[in-house]
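So the chains spell out like this:
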Amino acid sequence: LLPAEVVAQASTQVSQNQRLGDVLERMGALDRQKLAQVLKTQVVRKLIRLFFVAEGNYAVHVQGHGYGDGEEFSLMRVDPRTVILPGIRAAYDLPRVTRELGRLAGQRFRLADVSPAFVTALGISVDDVTVEALRSGWMTLDDLDSVTSRTFEVRSVALALYYTDSLEREPLGPAP
């Protein structure tokens, strides 16, 4: 959005109490809308990078904390649904998608009663063949491969729906 010289000039003014975005805004190089756009882009990139991590630790903060505090928090807010399918597509390959879907082995599943807006927020067209197949009735993992010849795409969409708890599931056989 900005020439490298402007960013370099602003970078010299960055201090511990003032971030680059604040300096650029004060200089008049960025308005609040453009700053919000840049911050959201950064957050989305960082969130998608998390999908490359196969193992790790995380923390849940129930009480207030210093991460994401400040007035810019509302500017950089990103709907988490918008990064799930892009994260899967960017970071997973067919073996990893298949391994993750393995959690559905021994079950049949279908799309739960989620709104078209929810599906669209995931970046999936409501007319997507996988969505239509999952909406029309119960399926198994073996059934997924018959939806279309694009195995990775079908499994990625199914995995995104699974990750968002949008699939109703029930065991194929009698309960143990």
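Computed from a predicted model, the values in this text were never measured in an experiment.

**So, the overall build of the chain**
Helix and strand counts for the chain stand at 9 helices and 2 strands. The C-alpha extent of the chain, read off along each of the three principal axes, is 65 × 35 × 30 Å. When burial is assessed residue by residue, the chain has 32% of its 176 residues classed as buried. At a minimum sequence separation of 6, the contacts of the chain that also span at least 24 residues come to 74%. Total accessible area computed for the chain in this model is approximately 11,200 Å², and 52% of it derives from carbon and sulfur atoms. When the 20 basic and 22 acidic side-chain charges of the chain are each reduced to a single mean position, those positions are 3 Å apart.

**Some words on the side chain of Thr-130**
If you trace the backbone, Thr-130 turns up in helix α7 (residues 129-136). In contact with Thr-130, not counting residues within four places along its chain, are Val-147, Val-154, Val-157 and Ala-158.

**A few points about the environment of Phe-73**
Of note, Phe-73 is situated in the loop between α3 (32-50) and α4 (81-91). Here Phe-73 falls in the partly exposed class, since its relative accessible area comes to 39%.

**Details of the pattern of salt bridges**
Scanning the entire structure with this criterion turns up 8 salt bridges. The partner of Arg-103 in a salt bridge is Glu-100, and the shortest N-O contact between them spans 3.1 Å. Given the relative accessible area of 48%, Arg-103 is considered partly exposed. Take Glu-100: its relative accessible area is 15%, and that puts it in the buried class. Of the charged contacts, one joins Arg-108 and Glu-170 as a salt bridge, the two residues approaching to 2.6 Å between their closest N and O atoms. In this pair, Arg-108 sits in strand β1 (residues 107-111) while Glu-170 sits in strand β2 (residues 167-171), placing the two residues 62 residues apart along the sequence.

**Comments concerning the nonpolar core**
Core analysis: the largest hydrophobic core is formed by 29 residues, its most contacted members being Ile-88, Ile-124 and Leu-161. Where this core is concerned, the elements lending two or more residues are α4, α5 (94-101), β1, α7 and α9 (151-163). No other element matches α9, which puts 7 residues into this core. Among residues more than four places away in sequence, those in contact with Leu-161 are Leu-111, Leu-122, Ile-124, Leu-134, Ser-166 and Leu-167. Ala-10, Val-23, Leu-24 and Leu-30 belong to the second-largest nonpolar core, a separate cluster that totals 8 residues.

**Notes on unusual backbone geometry**
Despite not being glycine, Asp-165 shows a phi value in the positive range, around 55°. Looking at where Asp-165 falls in the secondary structure, it is placed in the loop between α9 and β2.

Definitions and cut-offs
- By convention here, each chain's residues receive numbers from 1 onward along its written sequence.
- Local features in this predicted model are restricted to residues whose pLDDT is 70 or higher, and side-chain atom pairs enter the listing and the counts only when it is 80 or higher, whereas totals over whole chains, interfaces and linings include all residues.
- Excluded from the side-chain calculations are hydrogens and water; all other atoms, namely the structure's heavy atoms, are used.
- Here a helix means four or more residues in a row that DSSP labels H or I, a strand means two or more in a row labelled E, and each is numbered from the N terminus.
- Throughout, exposure labels follow a simple rule: accessible area from a 1.4 Å probe, protein chains only, divided by the maximum for the residue type, with under 20% read as buried, over 50% as exposed, and the rest as partly exposed.
- What makes two residues a contact is simply this: any of their non-hydrogen atoms within 4.5 Å.
- Per-residue accessibility takes into account occlusion by the displayed protein chains alone, with areas from the Shrake-Rupley method and a 1.4 Å probe.
- Within this scheme the basic residues Lys and Arg register as positive and the acidic residues Asp and Glu register as negative, but His and the chain ends are omitted.
- Charge placement uses NZ in Lys and CZ in Arg. For Asp and Glu, CG and CD serve respectively.
- One speaks of a salt bridge when a side-chain nitrogen belonging to Lys or Arg is within 4 Å of a carboxyl oxygen belonging to Asp or Glu.
- The term nonpolar core refers to a set of buried residues drawn from Ala, Val, Leu, Ile, Met, Phe, Trp, Tyr and Cys, joined through side-chain atoms within 4.5 Å.

Spatial relationships are all this shows, so hold off on functional conclusions.
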